[in-house]
Amino acid sequence: MGSYIIDDIIQLTGDTKSRAFWEKAVRVLGENSVAEEFGELKCQLHNKQIHSPAKYLTKLLKNKLKALEVEKNKQPVPAIPEKLKTYFEENQIALFSNLVPQTIGGEAEKKEMAAPYSKETIPWATFMSSNFFTLSTNKAKSDVVQAKFRTADGEVTVIPMIRGRVKPKSKELGIPTVEHGRILAALENIWAQQGCPYHTYTDSKTVVCFCLVSIRELAGLLGYTSFGGQNLIHLTNKVWDLKNMAYYLDMAAVGFKNAINRGFSLLHSVELAEGMKHGQMETILKVEFSTQLSSQLLSRRAVTRPKQLAHIRSELGFLVRLYLEPILFSLNGETYSKSLSDLVKDLSLPAAPWHNYKSKRRQVFLKALKSMHNQKTTDGRGIVLNIEEGLTDYLLTARLEPVALPEKVS
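Analysis parameters
- Residues numbered from 1 in each chain as written.
- Predicted model: local features only at pLDDT ≥ 70, side-chain atom pairs only at ≥ 80, totals over all residues.
- Heavy atoms only, no water.
- Core = buried A, V, L, I, M, F, W, Y, C linked by side-chain atoms within 4.5 Å.
- Buried < 20%, exposed > 50% of the residue type's maximum accessible area, 1.4 Å probe, protein only.
- Helix = DSSP H or I, 4+ residues; strand = E, 2+ residues; numbered from the N terminus.
- Contact = heavy atoms within 4.5 Å.
- Pairing = 2+ DSSP bridges.
- Axes fitted to C-alpha atoms, helices over the stretch in contact; angles between N-to-C directions.
- Salt bridge = Lys/Arg side-chain N within 4 Å of Asp/Glu carboxyl O.

A. View of the nonpolar core. In this structure, W124, L187, W191, L218, V287 and F365 are the most contacted members of the largest nonpolar core, which totals 85 residues. Per-element accounting of this core gives the leading share, ten residues, to helix α10 (residues 315–331). Those residues in contact with L218 that sit more than four places away from it in its chain are I183, A186, L187, I190, V213, L235 and V239. Ranked by size, the runner-up nonpolar core spans 16 residues in total, among them A25, L29, L57 and L65.

B. Spatial organisation of the sheet that holds strand β12 (residues 336–339). The strand order across the open sheet formed by three strands is β12-β14-β13, and the pairing between neighbours is antiparallel. Of all strands in the sheet, those with a lone pairing partner are β12 and β13 (383–389), marking the two edges. Here the average twist between neighbouring strands, direction ignored, is 20 degrees. With seven bridges joining them, β13 and strand β14 (residues 394–400) adopt antiparallel strand pairing. Considered in β14, the bridge of I387 is made with L396. Strands β12, β13 and β14 of the sheet are contacted by α10, whose axis makes an angle of about 55 degrees with β14. Contacting β13 and β14, helix α12 (residues 358–371) runs over the sheet at an angle of about 165 degrees to β13.

C. Seen up close, the pattern of salt bridges. According to the stated counting rule, one finds twelve salt bridges in the structure shown. One salt bridge connects R165 with E172, and the closest N-O pair in it is separated by 3.2 Å. What makes E172 partly exposed here is its relative accessible area of 39%. Here the salt bridges do not stand alone but share partners, grouping K148, K338 and D346 into one network.

In structure tokens:
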């Protein structure tokens with residue numbers, strides 16, 4: 001197992017004989033949970049309160065494994081298979097601490113996830129909601145939205161998020177649109193197809209996920225039926241946008257103690273190489289995800305989505321899909337409903353005349369749902385979507401079809 005956290009544990013403790021136990025802990029508890037206990041070990045070492053690092057960490061992890069086993073025995077068998085759950089951060093502190101920019105230093109050592117994501121899926125970090133992208137009709141170069149962040153303990157924190165600026169009053173860089181979101185989804189699928197490679201930098205221990213991207217392959221994953229020179233330039237520019245366009249989280253505005261505001265983008269770097277191949281221009285990009293996004297993907301704080309997510313041409317349909325899926329997974333088969341006027345607000349849609357008329361809202365959302373075709377989750381369950389009459393407004397209703405049980409062999 002090639003987990004970077006295991007390498008760090010062995011380097012600190014010098015205990016290579018316990019590798020099998022460290023691997024089991026990562027497999028059962030997850031890298032993020034093991035990293036928390038490893039952080040506790042380093043803290044205690046700093047305070048000079050322990051003498052045997054390996055024994056101390058083993059005790060911490062055994063206690064956590066035991067607590068997990070006790071908790072499992074208390075819980076009924078879940079209706080949704082474990083691998084299909086949305087993997088949120090455990091709590092708000094863990095979520096926002098992982099959005100701190102990481103220093104990149106030293107030589108890059110290439111590694112691959114020991115248990116990579118399926119090549120047929122898009123691993124989508126759960127901290128990225130529909131609020132991260134806007135419609136192409138939004139002519140603003142920056143704005144402020146109320147972004148919602150969910151964690152595994154059930155908490156939802158709403159934080160003012162500036163889209164399109166590195167910090168307040170800085171230069172406007174533009175807001176990522178749904179097209180950028182679809183491109184990011186395709187990039188993450190390419191990363192999964194290549195075995196989920198990442199670099200660990202020797203000095204800083206920072207991890208950065210990366211992949212090599214053929215622009216023609218990217219076009220295919222986005223559902224392009226024809227591809228010419230202008231498409232090549234357009235898609236290349238859009239990938240570069242994801243490196244340059246920024247987000248800024250105003251943590252102080254919601255009263256976080258000792259708040260440190262966060263600024264980040266979704267890609268760390270993009271490099272280009274191109275030349276003629278078989279009589280046509282071939283463009284290859286080396287794409288590195290940002291340290292924040294990389295840490296989420298490698299710690300499996302992500303929900304896997306089918307490759308067809310990148311094919312949704314309706315901008316509103318794409319945002320609806322991003323918005324609904326984590327909610328539907330958490331409802332375990334129950335029906336979710338939301339008035340269309342409230343949905344307009346939750347999706348942070350740019351102002352438009354149709355927002356003000358009940359019949360127009362229904363017409364626009366119906367068109368978006370039809371363009372989404374038969375949406376399914378990675379386990380093949382359909383997402384059942386309808387628009388129904390409510391007391392004062394039309395309602396969007398959504399639910400997941402039940403998990404298909406295997407037939408019994410007589």
